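# Summary of the model geometry
So the chains spell out like this:
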2 protein chains.
Amino acid sequence: MREVFHQSLEDVQARLVEISELVTVAIEKATRAFGSSDVTLAEEVIEEDQVIDDKAIALDELAIQILARQQPVARDLRIVVAALRVSASLERMGDIAEHIAQLTRMRFPERAIPKGLKSTFTKMGELDVEVSRTLTELLRNEDLSLVETLRALDDQLDDRHLAVFEKVLSENWQGEAGATVDATLASRYLERFADHALSVAKKVAYLATGDWTSDTDSINALVAETAPATDEG
Amino acid sequence: MREVFHQSLEDVQARLVEISELVTVAIEKATRAFGSSDVTLAEEVIEEDQVIDDKAIALDELAIQILARQQPVARDLRIVVAALRVSASLERMGDIAEHIAQLTRMRFPERAIPKGLKSTFTKMGELDVEVSRTLTELLRNEDLSLVETLRALDDQLDDRHLAVFEKVLSENWQGEAGATVDATLASRYLERFADHALSVAKKVAYLATGDWTSDTDSINALVAETAPATDEG
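Residues numbered from 1 in each chain as written. Chains lettered and ligands numbered in written order. Predicted model: local features only at pLDDT ≥ 70, side-chain atom pairs only at ≥ 80, totals over all residues.

### Some words on the relation of the copies chain B and chain A
Superposition of the two copies of the chain requires a rotation about an axis together with a shift along that axis. Let me state the cut-off plainly: In superposing the copies, a least-squares fit is computed on C-alpha atoms, taking residues whose pLDDT is at least 70 in both. Residues are treated as contacting if the C-beta atoms built from their backbones sit within 7 Å of each other.
Of the transformation placing chain B onto chain A, the axial shift is 0.0 Å and the rotation is 180°, giving an RMSD of 0.0 Å. Taken together, these values place the two copies in the relation of a two-fold axis. An overlap of 100% is found between the interface residues of chain B and their copies at the interface of chain A, pointing to a shared contact surface.

Spelled out as structure tokens, the structure:
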């Protein structure tokens, strides 16, 4: 019975990694489509989001089955509950990739990236792909040092998000209202993506530490304190 | 034991209703502060969001305790899992109220609502308060006819969200870039709020129907089919 259970948990983890890999592909394609006004690629992202949604639902169903049949307790229970949360965040990250693709399609054949912001948005896209790859690695190997990597990437994205607003609100901004709307929405999407990744990272830290409310600041300290998992069952 | 369990479930429901009431207060205050550039009221919303966050975390902890100690199955298990999802959405709705308050504070002493959009944003705020009240009622009495009410309110908000973009992109829009940014962000927040409420409504429908993937379109049909809850435990 314990062996069956641990196989189920490995299955949960493998599925989270798989969904995270699909999200990485989606954000990579979406930001590339956005940068090059590639409407075909944008439509691919929009279509493929359904796969991410379906896999997230299937994972939720597996988690509920595990809870019902194997009635885990202690750390095992926390892993299953955290997986439900992580899948919701990954699904939301897929939605953001879809929103960026929709922005690209809506503007086509015009460029979706407003003049003067090309290099900033290209960089934000690259940072988001790195965020997504780092998150996949964290889900795969639970190396909590990657939480700090994610936090640093999130800071870089926040800086660029602010830079977009500074640019748009500066006196030499010559974009029309449409360009301003696009810049505002795209910047918000690209910045939110990393917020969701950090939220996932916190759930993974929670697995390691058992503390829902733990901020990533204190993760290193907590990791050092983490005793081997106990099994009350 | 069964009695203890059902008391726990009632506790979960009462807490969801309480959080939903706090979210209603937050969105009512935030939209009022936004409309009247009331920075004191905006700061109240920002400060009080911590209460919503704390109550959501406490609810999650209660749900995990119930899973560990009472190991519910079948419909009872679905209720507990859905509660975890609902609390996450309610917390997010509180965050949106906070974002609207932050927008108000950031622009103070200037008006946060751009010229020409006052009546649209006032109406969107009223619709959001109605969304939040309807959701609270749905969580309290599980009257699934309210899901249709929420869907209709969401449609009205979507229409006004589009109207904001039409206005901003029209030739007679005279707002500067700052006004365009504010209009874009505020409209997105006010529209997202109802999306989250509909997402909660779907979880409640799932409780009644046992179908994660059920769309609210088919709720009435499913409700008619729903057999009394079985207890496999």
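Next comes the rest of the description.
### Re unusual backbone geometry
Rules: Runs of H or I in DSSP of at least four residues are treated as helices and runs of E of at least two as strands, each being numbered from the N terminus. To sort residues by exposure, count the other C-beta atoms lying within 10 Å of each residue's C-beta; 20 or more gives buried, 12 or fewer gives exposed, and values between give partly exposed, all with C-beta atoms placed from the backbone.
Here the bond from Phe108 of chain A into Pro109 of chain A is cis, since omega is 5°, no more than 30 degrees from zero. With respect to the helices, strands and loops of the structure, Pro109 of chain A is situated in the loop between α3 (74-107) and α4 (118-141). A positive phi is found at Gln71 of chain B, a non-glycine position, where the angle reads about 40°. Structurally, the position occupied by Gln71 of chain B is in the loop between α2 (39-70) and α3 (74-107). Overall, the presence of 19 C-beta atoms within 10 Å leaves Gln71 of chain B in the partly exposed class. Phi angles above zero are rare outside glycine, and Ala74 of chain B is one such case at about 50°. Owing to 14 C-beta atoms within 10 Å, Ala74 of chain B belongs among the partly exposed residues under this scheme.

### What to know about the interface of chain B and chain A
Defined as follows: Classification used: nonpolar for Ala, Val, Leu, Ile, Met, Phe, Trp, Tyr, Cys and Pro, charged for Asp, Glu, Lys and Arg, polar for all others including Gly.
Taken together, the contact between chain B and chain A spans 24 residues of the former and 24 residues of the latter. Elements with a minimum of two residues in the side of chain B that touches chain A: α2, α3, α5 (145-169) and α6 (177-209) of chain B. Looking at the side of chain B that touches chain A residue by residue, the class counts come to 17 nonpolar, five polar and two charged.

### Digging into α2 of chain B
Stated formally: Expected helix span is given by 1.5 Å per residue-to-residue step, counting one fewer step than there are residues. One axis fitted to the seven residues ending at a residue, another fitted to the seven starting there: the angle between these axes is the bend at that residue.
Over its 32 residues, α2 of chain B runs 47 Å from end to end, which matches the ideal 46 Å to within 8%, given 1.5 Å per residue. Largest kink in α2 of chain B: about 25°, centred on Glu47 of chain B. Along its buried surface, α2 of chain B packs onto α2 (39-70) and α3 of chain A together with α1 (2-36) and α3 of chain B. Looking at the residues trailing α2 of chain B, positive phi occurs at Gln71 of chain B, about 40°.

### Concerning α3 of chain A
Across its 34 residues, α3 of chain A extends 51 Å between first and last C-alpha, which sits within 8% of the 50 Å expected from 1.5 Å per residue. Within α3 of chain A, 25 of the 34 residues are buried, which leaves it mostly tucked inside the rest of the structure.

### What to know about the packing of helix α1 (residues 2-36) of chain A against α3 of chain A
Residues and elements named next belong to chain A. Convention followed: Axes here mean lines fitted to C-alpha atoms, for a helix over just the part in contact, with angles spanning 0 to 180 degrees between N-to-C directions. When an angle is under 35 degrees it counts as roughly parallel; over 145 it counts as roughly antiparallel; between 65 and 115 it counts as roughly perpendicular; any other value is oblique. In this scheme, a crossing is called left-handed if the near helix is turned counterclockwise away from the far one by less than a right angle; it is called right-handed if the turn is clockwise.
Where α1 contacts α3, the axes come no closer than 9 Å and their chain directions differ by 15°. One element, α1, and the other, α3, form an angle in the roughly parallel class. Taken as a pair, α1 and α3 cross one another with a handedness that is left-handed. In terms of residue class, the contact of α1 with α3 is built from 21 nonpolar, five polar and one charged.

Note that all results are geometric; they support no functional claim without further evidence.
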